[in-house]
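# Summary of structural features
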Amino acid sequence: MEGAVPMVTSLQIPGVMCDRIIPVGKQEAERVRLLTERMVRGEEAAFSEFHGLYSDRLFRYLLVLTRGQEDFARELCQATMVKVVRAMREFADEEHLWNWMARVGRNCFIDALRKRKRSPEMLPLSEVEIESTGEGAALSSGAVDGELMERLKESLSDLDAAERSLIEEFYFEEKTQQAMAEERQTSSKAVESKLARIRQKLRTILLTRLRYEK
Amino acid sequence: MKSEERLLSDVIRDAEYEQFQRELHETILREARRKKLVRARSALLAMAAALVMVSALVWSRSEARRVIGERSGREAVAGAARLEELPAGMVVRSAATVEIVRSSDDVEVVRTADTGVELIGDGELLGMFGEEMVALVGSKPGERRLVVVERD
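What comes next concerns the included structure.

Analysis parameters
Residues numbered from 1 in each chain as written. Chains lettered and ligands numbered in written order. Predicted model: local features only at pLDDT ≥ 70, side-chain atom pairs only at ≥ 80, totals over all residues. Heavy atoms only, no water. Axes fitted to C-alpha atoms, helices over the stretch in contact; angles between N-to-C directions. Helix = DSSP H or I, 4+ residues; strand = E, 2+ residues; numbered from the N terminus. Parallel < 35°, antiparallel > 145°, perpendicular 65-115°, else oblique. Contact = heavy atoms within 4.5 Å. Nonpolar A, V, L, I, M, F, W, Y, C, P; charged D, E, K, R; others polar. Core = buried A, V, L, I, M, F, W, Y, C linked by side-chain atoms within 4.5 Å. Buried < 20%, exposed > 50% of the residue type's maximum accessible area, 1.4 Å probe, protein only. Patch = residues over 30% accessible without salt bridge, like charges linked within 9 Å, V, L, I, M, F, W, Y side chains within 5 Å. Areas by Shrake-Rupley, 256 points an atom, 1.4 Å probe, with all protein chains shown as cover. Salt bridge = Lys/Arg side-chain N within 4 Å of Asp/Glu carboxyl O. Buried area = accessible area lost by both parts, 1.4 Å probe. Phe/Tyr/Trp six-rings, centres within 6.5 Å; stacked < 30°, edge-to-face > 60°. Lys NZ or Arg CZ within 6 Å of the ring centre and 35° of its normal.

To continue, consider the packing of helix H2 (residues 44-65) of chain A against helix H1 (residues 3-12) of chain B. Running from amino to carboxyl end, H2 of chain A crosses H1 of chain B at an angle of 75°, the nearest separation of the two axes being 12 Å. What the angle tells us is that H2 of chain A and H1 of chain B run roughly perpendicular. Residues Phe59, Arg60 and Leu63 of chain A of H2 of chain A form the contact with H1 of chain B, whose participating residues are Glu5, Leu8, Ser9 and Ile12 of chain B. Partitioned by chemical class, the residues of the contact of H2 of chain A with H1 of chain B number four nonpolar, one polar and two charged.

Here it is as C-alpha cells:
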C-alpha cells in the first residue's frame, strides 16, 4: 500500500498508557480479519463494505475467466457472492480471502460450464492454466488485472487517432474536459459525450479481444 | 488511482454495470439477513432443544428419586413390621422348633403331638391287623387305600 503509515493504536491498561505500532502489512491483514469477523457476526455494514471492496475485483476476475462474456460473468458473480456470503468465515489476511473467493468463483464457473455443456474451447485461461495453479490456488488479482490491462492497451490501438488522442489526453495527460473542449473549440458537454462513446467502443473491443484472443 | 486503472474502471463501469452492482449489493444484503435469521432460528431451536433435554433430565431424575423414595418407604414399613415386637399372647411355640406367629388372637392354634410321627412300612401296617383280611389297593398314582374285609 503506497503512502500508508503505520497505524498507532493506544492500549488502555489500568495504571499504564502505552502505544502499539502496527506495521502496514499487518494493518491490511487486521482490516481484513476485522471485516470478515464482522461479516461472520452478521453485521450488514460489513457486507456493504465487502461489496464495495471486492465486487469489482471479482467481476473482473470472472470476466477474464469467461473470456469477456459479460452476462455470463455477471451471472457467475452473483452466484459466487451468494456462496461467499453463505460460507463466510474469518480470514487472517487479504491473500487468503481473495484466493478463497477466486476458488469459489472458479468452481461456480466450472459448474456452470458443466451445466451448459459448453465446448472446451470456451474455457478462458485454458485448462492448463487452471490446472497449473493447483488445487486451492487461484489466479492472482495481479494476473487478472494484467490480462485486462493488456487487452485494454491492444484495444486502444484499434481506436482511430482522434479517439485515441481524446482518451490519452483525459486519462494519461489528465487534462480537464474544459481544457480539451477549448482546444477543440467545442463544449465540455460534447467532450464528455464523445468520451462516453469512446469508452463504450473500447468496452466492446476489449470484450471481443478477451473472447477471441489467446 | 493510476490512469490506466481509471480508464479500465470507466470502461467496465457503464450504466448497466452500475445497475448490476446495485442488484448484487441487494442480493448480498438479502443473503446476509437470511443467514442471520437462519442462525437466530437455529440458536433458538438449539436453546429450545437444550431446555427440553434439561427438563427431561430433571424430570427423569426427580422421577427416579420418587421411585427410590417409594421403595425405601415400603422397605421402611416392612422393616418396622419385622422389628416390632409382638405381644406375648400372639407368639406360640410348638414342641418342635417351628415358631408360629399369629396375626390375630382369634386364630386357633392346633397343637400336634409332642413327638414326631412314626413312619411304618406296608408289611408292618398289614401285620397290625393280625388274622383279619386286609389289603392295600392302589386307586391312582400316589394314593392307596386300605381295605378291611369283614367276615360276617
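Right, let's get into the nonpolar core. In terms of nonpolar packing, the biggest core is built from 63 residues, with Phe50, Leu97, Met101, Leu148 and Ile167 of chain A touching the most fellow members. When residues in this core are grouped by element, the largest group, eleven residues, is from H2 of chain A.

Our next topic: the packing of helix H7 (residues 161-172) of chain A against H1 of chain B. Relative to each other, H7 of chain A and H1 of chain B sit at 120°, their axes nearing to 9 Å. The angle between H7 of chain A and H1 of chain B places the two elements in the oblique class. Note on element contacts: H1 of chain B touches H7 of chain A through Ser3, Glu4, Arg6, Leu7 and Asp10 of chain B, opposite Ile167, Phe170, Tyr171 and Phe172 of chain A. Split into classes, the residues belonging to the contact of H7 of chain A with H1 of chain B amount to five nonpolar, one polar and three charged.

Turning our attention to a nonpolar patch on the surface. Together, Met133, Val137, Val147 and Val149 of chain B line one region of the surface with nonpolar side chains, adding up to about 300 Å² of accessible area. Within the residue set of the nonpolar patch, elements represented by two or more residues are strand E3 (133-140) and strand E4 (143-149) of chain B.

On the chain A side, the residues contacting the 29 residues of chain B number 35 residues. Between chain B and chain A the total buried area reaches about 3300 Å² when both faces are included, carbon and sulfur atoms providing 59% of it. The tally of links between chain B and chain A comes to seven salt bridges. Among the elements of the structure, H1 and helix H2 (15-83) of chain B are those that each provide at least two residues to the side of chain B that touches chain A. With 17 residues, the top contributor of residues to the side of chain B that touches chain A is H2 of chain B. Considered class by class, the residues forming the side of chain B that touches chain A number ten nonpolar, five polar and 14 charged.

Moving on, we get to the packing of aromatic side chains. Under the counting rule described, the total for this entry stands at eight aromatic pairs over all chains. Chaining the aromatic ring pairs together yields one cluster made of Phe59 of chain A together with Tyr17 and Phe20 of chain B. Here the guanidinium or amino end of Arg57 of chain A rests over the ring plane of Trp98 of chain A, the centre of that ring lying 4.4 Å away. Just above the ring of Phe170 of chain A sits the side chain of Arg6 of chain B; from NZ or CZ to the centre is 5.3 Å.

Applying the stated criterion across every chain yields a total of 34 salt bridges over all chains. Across the salt bridge formed by Arg33 of chain A and Glu90 of chain A, the nearest N and O atoms sit 3.2 Å from each other. Highlighted residues: Arg33 of chain A in helix H1 (residues 24-41) and Glu90 of chain A in the loop between helix H3 (70-87) and helix H4 (94-116), separated in sequence by 57 residues. Residue Arg33 of chain A is classed as partly exposed on the basis of its relative accessible area, which comes to 23%. Given the relative accessible area of 42%, Glu90 of chain A is considered partly exposed. Here Glu44 of chain A and Arg33 of chain B are joined by a salt bridge, their closest N and O atoms 2.7 Å apart. Placement of the pair is Glu44 of chain A in helix H2 and Arg33 of chain B in helix H2, with the two residues belonging to separate chains. The exposure class assigned to Arg33 of chain B is partly exposed, which follows from its relative accessible area of 41%.

Now for the side chain of Thr27 of chain B. Tracing the backbone shows Thr27 of chain B in helix H2. Residue Thr27 of chain B is classed as buried on the basis of its relative accessible area, which comes to 10%. Ignoring any residue separated from it by four or fewer positions in sequence, one finds Thr27 of chain B in contact with Gln78 and Val82 of chain A.

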